[in-house]
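Now for the letters of each chain:
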Amino acid sequence: MTATLRCGSFTFDLGRPLVMGILNVTPDSFSDGGRYMDPEHALDHARRMRDEGADLIDIGGESSRPGALPVVEGDELARVVPLVSALAAEGVAVAVDTRKPAVMRAAISAGAALINDIGALTASGAIEACADNEVGVCLMHMQGEPQTMQAAPVYGDVVAEVRAFLVARALACEAAGIARERIVIDPGFGFGKTLAHNLALLRAIPTLAATGYPVLAGLSRKASLGQITGRNADERLPASIAAALAAVARGASIVRVHDVRETVDAMKVWQAVERDSQTLR
Ligand code: 7PJ
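In what follows, the accompanying structure is described. (Residues numbered from 1 in each chain as written. Predicted model: local features only at pLDDT ≥ 70, side-chain atom pairs only at ≥ 80, totals over all residues. Heavy atoms only, no water.)

1. Details of the nonpolar core
- Formed by 69 residues in total, the largest nonpolar core has its most connected members in Leu23, Ile59, Val96, Ile115, Leu121 and Ile178.
- At 6 residues, the largest contribution of residues to this core is made by helix H5 (residues 158-175).
- In this structure, Cys7, Phe12, Leu114 and Leu216 belong to the second largest nonpolar core, which totals 15 residues. (Core = buried A, V, L, I, M, F, W, Y, C linked by side-chain atoms within 4.5 Å. Buried < 20%, exposed > 50% of the residue type's maximum accessible area, 1.4 Å probe, protein only. Helix = DSSP H or I, 4+ residues; strand = E, 2+ residues; numbered from the N terminus.)

2. Side note on the packing of aromatic side chains
- The final tally for this structure, using the stated rule, is 1 aromatic pair.
- Summarising the aromatic geometry, the rings of phenylalanine 10 and phenylalanine 12 are spaced 6.0 Å apart at their centres and angled 5° between planes, so their arrangement reads as stacked.
- Judged by relative accessible area, which is 23%, phenylalanine 10 ranks as partly exposed.
- Classification of phenylalanine 12 by relative accessible area gives buried; the value is 10%.
- Between arginine 180 and the ring centre of tyrosine 213, over which it is positioned, the NZ or CZ distance is 4.2 Å. (Phe/Tyr/Trp six-rings, centres within 6.5 Å; stacked < 30°, edge-to-face > 60°. Lys NZ or Arg CZ within 6 Å of the ring centre and 35° of its normal.)

3. Topic: empty space enclosed by the protein
- If you walk through the whole model with that rule in mind, you get 1 cavity of 30 Å³ or more.
- Its volume calculated, the largest cavity comes out at about 30 Å³.
- If you go around the largest cavity, the residues you meet are Ala217, Leu219, Ser220, Ser240, Ala243, Ala244, Val255, Arg256 and Val257.
- Going through the elements one at a time, helix H9 (237-249) and strand S10 (254-257) are the ones with two or more residues in the lining of the largest cavity.
- Here the lining of the largest cavity is composed, by residue class, of 6 nonpolar, 2 polar and 1 charged. (1 Å grid on protein atoms, 1.4 Å probe; cavity = no way out; pocket = protein on both sides within 12 Å on 5 of 7 lines; lining within 4 Å. Points joined across faces, edges and corners; volume = space filled by probe spheres on them. Nonpolar A, V, L, I, M, F, W, Y, C, P; charged D, E, K, R; others polar.)

4. Brief notes about the environment of alanine 113
- For alanine 113, the location among the structural elements is in the loop between helix H3 (101-109) and strand S6 (114-117).
- The exposure class assigned to alanine 113 is buried, which follows from its relative accessible area of 2%.
- The sequence separation of alanine 113 and valine 255 amounts to 142 residues, and the corresponding C-alpha distance is 17 Å.
- When neighbours within four sequence positions are excluded, alanine 113 is seen to be in contact with Cys7, Gly8, Phe10, Ala93, Val94, Val135 and Gly136. (Contact = heavy atoms within 4.5 Å.)

5. Observations regarding the side chain of serine 64
- Position of serine 64 relative to the elements: it lies in the loop between strand S4 (56-60) and helix H2 (73-89).
- Overall, serine 64 belongs to the buried group, its relative accessible area being 17%.
- What serine 64 contacts, discounting residues up to four positions off in sequence, is Ile118, Pro146, Met149 and Phe191.

6. Some details on the packing of H2 against H3
- Where H2 contacts H3, the axes come no closer than 10 Å and their chain directions differ by 20°. With respect to each other, H2 and H3 are oriented roughly parallel. Relative to H3, H2 is oriented so that their crossing is right-handed. Within the contact between the two elements, H2 uses Glu73, Glu76, Leu77, Val81 and Val84 and H3 uses Ala102, Val103, Ala106 and Ala107.
- Looking at the contact of H2 with H3 residue by residue, the class counts come to 7 nonpolar, no polar and 2 charged. (Axes fitted to C-alpha atoms, helices over the stretch in contact; angles between N-to-C directions. Parallel < 35°, antiparallel > 145°, perpendicular 65-115°, else oblique. Left-handed = near helix turned anticlockwise from the far one by under 90°.)

Now the structure itself:
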């Protein structure tokens, strides 16, 4: 029997890697800012990712790219909630990328299956917003705040610090009544981390997975891949696929990606080689 992830009305079997498709409805995200501000365009893109095999669609109304400015609550609600309602009504498992308890509550009422918080539910009232219902939660590590986090990230032992933070947050969620099967952890690649920190965390995914919580890896198009390859954000698809494969090969359960079709193909090949060799005919 394999592990499962419960989020809202969905139960995911973690015996194969899940693919989360990114839908940024922000004017300023680093690789696709401004492209999906029109709700019909955003819905089309979400439906395309679903049709391409995304298990979850992650909707974000506040950019968290390095240097990004905060968004006022009303704007974030107006961007995100109508999309959550529309997609949830179509049976899509919707994640909402937010740090604000009011947005969490509205998103959950609109049918969101998972709250994906780059602040790991540290805002006052965030854990409570998620606790008294069945939503899943993704707890991400970040050092500092988006506006300044890439200035000079410093760690003694990056893996130990990130792991300890994530376990502490997960236990705080469990203490508030969020069942273990509803919790995902994420080292937060690029959030207050140098390339060396990101590589150390990627290599340490087995250590993170050993906590028993499923691990989400978000490396798609990120700056570290640009540092390695010398490519701009819109030329980082091969690098992103390599990173996603490196993550699942080390035990990541979910990959958060812009390019769903290509990533799903890569996951299928990996799955066939690694896991399905007995059952394929
Ligand atoms: C992540 C995220 C990530 C989780 C962003 C980007 C920046 N949520 N939201 N993990 N990244 N859980 O997509 O490059 O890595 S926004």
